[in-house]
Amino acid sequence: MTDTTALNQFLAGVEKRAFAMAMFKVKDTEEAMDIVQDTMMMLVKKYATKPQEQWPPLFYRILQNRINDTYRKHSMRARFFSIFTHDHDEDRDADPIQNAPASYSAEPDFQVGMQGATAALKQALELLSPRQHQAFLLRAWEGLSVAATARAMQCSQGSVKTHYFRAIQSLREELKDDWI
Amino acid sequence: MTTTDEERFLNRARKALESEDLGEDISQRLYSARRKALDQLDIPEKRAVYEKPWFTVFPVGAIAALVLVFNLFWLDPEFPEMPNYESELHAAAATELELLEDLEFVAWMLAEDLNAG
């Protein structure tokens, strides 16, 4: 039996962070909204009957998969069009997620309002690798445990600890002038 | 990095991330997306074929019909005997034929008489 009220509360609690996470990566309001909506639909359809403590890692696993799918689609499209401009033989076998450039142009309205500490943090987050980025947001922002983060990222707990540690190191290094 | 430093850094990072306001439009759209997702729970799930009501009713009906047919035509052969009208029909038909032949004979006789006369 599904507890609709609990599911509603859970989704209401994570939807804004989920949107922000998607937005970090895809930089497009419509696509970020589609990603969040698909994630909610999938969670409710497939996992609503699961125990409540399993919802957060399941939700973020679906979210990360959707974000990665969208990101890969963008990368493939960019690569396809780049064939007509110049050759990229050495990049052809690279994983688009792992080696993705830090960003492509953000929407102006998303950048408006990013000031001070938030702006500095967001810029520093852009420099992280996708896995470090995920580990940091899930652990530090979403507050998932190492085990739940590992389930969401579909990797070992050791990998989560490594990505998270490196993410914090990198962020502190980048932000030291602004934050310390 | 000490634990206190890390905690302080993380608290600041969390506050920075939480401080961003997504705006009324995005909040409204997220609410709609959530409602749409939750609405799926109100739609009855598609049942498997074996769960559909007719899947049970149909075989029960078929079995009942078979039992009925079995009882009527196999277990209970004592149907009321039909009257045999065949011989009466033949008899009637034979009588009719004789009468017809007699009439034809009489008609021929009359015709002969007229011709002779």
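Check the entry above for the structure.
Bear in mind the structure is a predicted one, so any value in this text is a computation, not a measurement. (Residues numbered from 1 in each chain as written. Chains lettered and ligands numbered in written order. Predicted model: local features only at pLDDT ≥ 70, side-chain atom pairs only at ≥ 80, totals over all residues. Heavy atoms only, no water.)

Caption draft 1: Inspection of the overall build of chain A at higher detail. When helices and strands are counted, chain A shows eight helices and zero strands. Of the regular secondary structure in chain A, the N- to C-terminal order runs α-α-α-α-α-α-α-α. The buried share of chain A, taken over its 180 residues, is 49%. When contacts within chain A are restricted to residue pairs at least 6 apart in sequence, those whose partners lie at least 24 apart make up 67%. Summing over all exposed atoms, chain A offers an accessible surface of approximately 9300 Å²; the carbon and sulfur share of this is 49%. (Helix = DSSP H or I, 4+ residues; strand = E, 2+ residues; numbered from the N terminus. Buried < 20%, exposed > 50% of the residue type's maximum accessible area, 1.4 Å probe, protein only. Contact = heavy atoms within 4.5 Å. Areas by Shrake-Rupley, 256 points an atom, 1.4 Å probe, with all protein chains shown as cover.)

Caption draft 2: Here's a closer look at the packing of helix H6 (residues 130-141) of chain A against helix H7 (residues 146-153) of chain A. All names here are of chain A. Relative to each other, H6 and H7 sit at 135°, their axes nearing to 10 Å. As the angle between them shows, H6 and H7 are arranged oblique. Considering the relative orientation of H6 and H7, their crossing is right-handed. Only Val146, Thr149, Ala152 and Met153 of H7 make contact with H6, whose side of the interface consists of Arg131, Gln134, Ala135, Leu138 and Arg139. The class makeup of the residues in the contact of H6 with H7 is five nonpolar, two polar and two charged. (Axes fitted to C-alpha atoms, helices over the stretch in contact; angles between N-to-C directions. Parallel < 35°, antiparallel > 145°, perpendicular 65-115°, else oblique. Left-handed = near helix turned anticlockwise from the far one by under 90°. Nonpolar A, V, L, I, M, F, W, Y, C, P; charged D, E, K, R; others polar.)

Caption draft 3: Region of the structure containing the interface of chain B and chain A. The interface is formed by 27 residues belonging to chain B together with 39 residues belonging to chain A. Roughly 3100 Å² is buried in total at the junction of chain B and chain A, and carbon and sulfur atoms are behind 68% of that figure. Ranking the residues of chain B by area buried against chain A places Phe9, Leu17 and Arg34 of chain B at the top, with a combined share of 22%. The tally of links from chain B across to chain A stands at three salt bridges. Across the salt bridge formed by glutamate 30 of chain A and arginine 29 of chain B, the nearest N and O atoms sit 2.7 Å from each other. Where chain B packs against chain A, one counts eight residue pairs in polar contact (both at pLDDT 80 or more). Mapped by element, the contributors of at least two residues to the side of chain B that touches chain A are helix H1 (3-18) and helix H2 (24-39) of chain B. The element contributing the most residues to the side of chain B that touches chain A is H2 of chain B, with 11 residues. (Buried area = accessible area lost by both parts, 1.4 Å probe. Salt bridge = Lys/Arg side-chain N within 4 Å of Asp/Glu carboxyl O. Polar contact = N/O pair within 3.5 Å; in protein donor to acceptor, adjacent residues only side chain to side chain.)

Caption draft 4: Representation of the pattern of salt bridges within the structure. Applying the stated criterion to the full structure yields six salt bridges over all chains. Where arginine 34 of chain B meets glutamate 15 of chain A, a salt bridge forms, and the shortest distance between an N and an O atom there is 2.8 Å. Of this pair, arginine 34 of chain B sits in helix H2 while glutamate 15 of chain A sits in helix H1 (residues 4-26), which puts the two residues in different chains. On the basis of relative accessibility, which here comes to 8%, the residue arginine 34 of chain B falls in the buried class.

Caption draft 5: Local environment of the environment of isoleucine 62 of chain A. Residues and elements named next belong to chain A. Topologically, isoleucine 62 is positioned in helix H3 (residues 55-82). Considered as a pair, isoleucine 62 and leucine 43 are 19 residues apart in the sequence and their alpha carbons are 7.7 Å apart. With residues near it in sequence (within four places) discarded, isoleucine 62 still touches Thr39, Met42, Leu43 and Tyr47.

Caption draft 6: Looking closely at a nonpolar patch on the surface. Together, Phe105, Val106, Trp108, Met109 and Leu110 of chain B make up an exposed nonpolar region whose accessible area comes to about 520 Å². In this structure, valine 106 of chain B sits in helix H4 (residues 86-116). (Patch = residues over 30% accessible without salt bridge, like charges linked within 9 Å, V, L, I, M, F, W, Y side chains within 5 Å.)

Caption draft 7: Molecular detail of the packing of helix H2 (residues 29-47) of chain A against H2 of chain B. Taken N-terminus to C-terminus, the directions of H2 of chain A and H2 of chain B make an angle of 25°; their axes are 8 Å apart at the nearest point. As far as their axial angle goes, H2 of chain B and H2 of chain A are roughly parallel. Of the two possible hands of crossing, H2 of chain A and H2 of chain B adopt the one that is right-handed. Across from Thr29, Glu30, Met33, Val36, Gln37, Met40, Met41 and Val44 of chain A in H2 of chain A, the residues of H2 of chain B making contact are Ile26, Arg29, Leu30, Ala33, Arg34, Lys36, Ala37 and Leu38 of chain B. Taken together, the residues of the contact of H2 of chain A with H2 of chain B break down into 10 nonpolar, two polar and four charged.

Caption draft 8: Molecular detail of the nonpolar core. In terms of nonpolar packing, the biggest core is built from 62 residues, with Leu11, Phe19, Phe59, Tyr60, Leu125, Phe136 and Leu171 of chain A touching the most fellow members. A total of 13 residues in this core trace back to one element, the largest contributor, which is H1 of chain A. Discounting residues that sit within four places of it in the chain, leucine 171 of chain A has contacts with Leu121, Ala124, Leu125, Leu128 and Phe136 of chain A together with Phe9 of chain B. (Core = buried A, V, L, I, M, F, W, Y, C linked by side-chain atoms within 4.5 Å.)

Scope: geometric values only; no functional claims are made or implied.
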